[in-house]
Amino acid sequence: MTVGNGIAREWQRYTRRERLGRFALYFGIVLACVASLRTVEIIPEFLYDAPEQVADLLRRMWPVEWHYYPKGVHEVLIETLHIATLGTILAILMALPLGVLAANNLTPSTTLNYFAKFLLVSSRSVNSLVWALLFVAIFGPGALAGTMAIAFRSIGFVGKLFSEALEETQPGPVEALRSCGASWLSVFIKGYWPQVEPAFWAIALFRWDISVRESAVLGLVGAGGIGMAIDSAMNLFQWQRVALMLVVIFVVVLLAEIVVTAIRKRII
Amino acid sequence: MPSGLTAQTRPPAFLPNWPARIAWIALIAYTFYAASILDVTWERFVTGIDNGMRFLARMVPPDTGASKLQLLAKGLYESIEIAIIASALGIVLSLPIGLLAARNLMPAWVTWPMRLFIALCRSFHQVIIAIVFVKAVGFGALAGILALTVASIGFIGKLFADAIEEISLKQVEAIRATGAPFMSVITYGVLPQVLTRFVGFATYQVDSNLRNSTMVGMVGAGGIGGTMFAAFQRFDYDFLLTILLAIIAVIMVSEALQNRVKKLYQ
């Protein structure tokens, strides 16, 4: 291993354990892909005539039934937007206390932190469609179930990011306020809030954007919004109407993104 | 303290921010308006709680009959297969697509169609894409795989293209200056700068695909979702709980695995 006698020292970037771990990872990935490809049930005949089927679908969708918009789409579209917005607002209201509970610097109790984090994780683990199924069973079909589904799915997302933002705050202003004897609420509003406010709005807008996309499909399980109209149009093979609704969703999602970007630029 | 700087002459430390207050009031007003439009009333909420209690009572204990467990295992296995194949396809495809969509590397006539394609992949929810693919390729796992692949391209492709647009062009120019061909510029100038972020997006998407693969079955695109929706429609709520618990367990295991993988790369 001496450099003096001309024998080059062999440098290795990673330890043997790291290299073995990575090799095991790559091996595992390849193994998983191969195993899945070998056992997955794909009927090749279905794959061969896929181009024909797609062409057939597009032919049935054309021409798009534009004049149906004021009659059957506008109302459910507005309902979808209300579901997304109200759901997100409810989620933020419920996520704020949970985020505070999950942040270790605001709630110095590991038990409470873990309790709040458990609630946040379970909210995120259940998909919004599954939440919608549960709420349809509870509240019956309609927009209320959709709103609650969006709200409960969003709590985990907003709460997790908000608690992380809280944990990253500087303790300086907080200590300054505490040293003048400020109450807990004053410390939160004037010490923590100004530091997390940009992050908070970014999270809220980001989640609203996602909620708009998700609220469009909740109707497939009966939770209100444009999804219900898509579902019934598909069941009746009215593909021209389905095409119209897909176009409408595309436009709304694009508009939502533009709005979010514009607001972000203004307030963050 | 000099007498000129008494508390009376000092401006208040926290000035009221009227535009923000008006925005808050507008937001609260909207909340009540939307709640009234959507028929979100306290009464419905109370009856809902009552229903919910009965619903929960029918869910426990979870159904663990042998035939049900077999059904569960089959569905879950298919979901995981869908997630793995779709992730692999999506990651492999989004690498070139992301490169082609980066405006600092490609001419506008390439980036525009690519950006539009990515936007198209992104703007539809996986379930809607799955519906279209169920029509195109029939019921079963293939529709789910294709739907999640499209969704993966939309997500990784966009973030990857954005990441490439943020790179420092100095290294790219240095490699170009040596007369390297285009592919070498990509492999030695661009990829080393963005590969870690690409891996990050890819792992995130694997996780997301796993969650979504449990759901595309609801529209007939294979996996546990179909079993779950059937159990729901047959009021088989105790089996529904078994499925939900199994899905949560799978996701938690996958998150634990991901943490191990992340540690490996730190």
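Since the model is a prediction, treat every value here as computed from it, not as a measurement. (Residues numbered from 1 in each chain as written. Chains lettered and ligands numbered in written order. Predicted model: local features only at pLDDT ≥ 70, side-chain atom pairs only at ≥ 80, totals over all residues. Heavy atoms only, no water.)

Caption draft 1: Here's a closer look at the overall build of chain A. Counting its regular elements, chain A contains 11 helices and zero strands. Sequence-ordered secondary structure for chain A, helices as α and strands as β, is α-α-α-α-α-α-α-α-α-α-α. For the C-alpha atoms alone, the extent of chain A along its principal axes is close to 75 × 65 × 35 Å. Classification of the 268 residues of chain A by burial places 47% in the buried group. (Helix = DSSP H or I, 4+ residues; strand = E, 2+ residues; numbered from the N terminus. Buried < 20%, exposed > 50% of the residue type's maximum accessible area, 1.4 Å probe, protein only.)

Caption draft 2: Seen up close, the pattern of salt bridges. Counted under the stated rule, the structure contains 19 salt bridges over all chains. In this structure, the salt-bridge partner of Arg213(A) is Asp209(A), at a minimum N-O distance of 3.6 Å. Here Asp209(A) and Arg213(A) lie together in helix α9 (residues 184-218), a separation of four residues that amounts to about one turn. Residues Glu255(B) and Arg211(B) are paired through a salt bridge, measuring 2.7 Å at the closest nitrogen-oxygen approach. You can see Glu255(B) sitting in helix α10 (residues 237-264) and its partner Arg211(B) sitting in helix α8 (residues 182-213), a full 44 residues away along the chain. Judged by its relative accessible area of 13%, Arg211(B) is buried. When salt bridges that share partners are traced, they join Arg103(B), Arg115(B), Lys158(B), Asp162(B) and Glu165(B) into one network. (Salt bridge = Lys/Arg side-chain N within 4 Å of Asp/Glu carboxyl O.)

Caption draft 3: How the structure looks around the environment of Pro96(B). Inspection of the secondary structure puts Pro96(B) in helix α3 (residues 66-100). A C-alpha to C-alpha distance of 9.9 Å links Pro96(B) and Phe160(B), two positions 64 residues apart in sequence.

Caption draft 4: Representation of the packing of aromatic side chains. Per the counting criterion, the structure on display carries 18 aromatic pairs over all chains. Ring centres of Phe188(A) and Tyr192(A) lie 6.4 Å apart, and the angle between their planes is 40 degrees; this geometry places the pair in the tilted category. Within this pair, Phe188(A) and its partner Tyr192(A) are both found in helix α9, separated by four residues, close to a single helical turn. The exposure classification of Phe188(A) matches that of Tyr192(A), with both residues buried. Ring geometry for Phe235(B) and Tyr237(B): centres 6.1 Å apart, planes at 90 degrees, overall edge-to-face. (Phe/Tyr/Trp six-rings, centres within 6.5 Å; stacked < 30°, edge-to-face > 60°.)

Caption draft 5: Structural view of the interface of chain B and chain A. Listed by partner, the interface residues are 61 residues for chain B and 59 residues for chain A. With both chains or domains summed, chain B and chain A bury close to 5500 Å², and 76% of this area falls on carbon and sulfur atoms. Together, Leu38(B), Lys135(B) and Leu264(B) form the three largest contributors to the area buried by chain B at its contact with chain A, with a combined 12%. Our enumeration of links across chain B and chain A arrives at two salt bridges. Residue Asp56(A) pairs with Lys135(B) through a salt bridge whose shortest N-O separation is 3.6 Å. Applying the counting criterion to the chain B and chain A interface returns eight residue pairs in polar contact (both at pLDDT 80 or more). Of the residues contributing to the side of chain B that touches chain A, the split by class is 45 nonpolar, eight polar and eight charged. (Contact = heavy atoms within 4.5 Å. Buried area = accessible area lost by both parts, 1.4 Å probe. Polar contact = N/O pair within 3.5 Å; in protein donor to acceptor, adjacent residues only side chain to side chain. Nonpolar A, V, L, I, M, F, W, Y, C, P; charged D, E, K, R; others polar.)

Caption draft 6: A look at unusual backbone geometry. In the segment running from Trp62(A) into Pro63(A), the intervening peptide bond is cis, with an omega of -5 degrees. Within the secondary structure layout, Pro63(A) lies in the loop between α3 (50-61) and α4 (69-102). For Phe237(A), which is not a glycine, the phi torsion comes out positive at approximately 55 degrees. Mapped onto the elements, Phe237(A) comes out in the loop between α10 (226-235) and α11 (239-267). Notably, Phe235(B) is not glycine yet its phi reads approximately 55 degrees, a positive angle.

Caption draft 7: Inspection of α9(A) at higher detail. With 35 residues, α9(A) extends only 40 Å from end C-alpha to end C-alpha; this falls clearly short of the ideal 51 Å at 1.5 Å per step. When the local axis directions of α9(A) are compared, the greatest deviation, roughly 60 degrees, occurs at Trp193(A), which is followed within four positions by the proline Pro194(A). (Expected span 1.5 Å × (residues − 1). Bend = angle between axes of the 7 residues up to and from the residue.)

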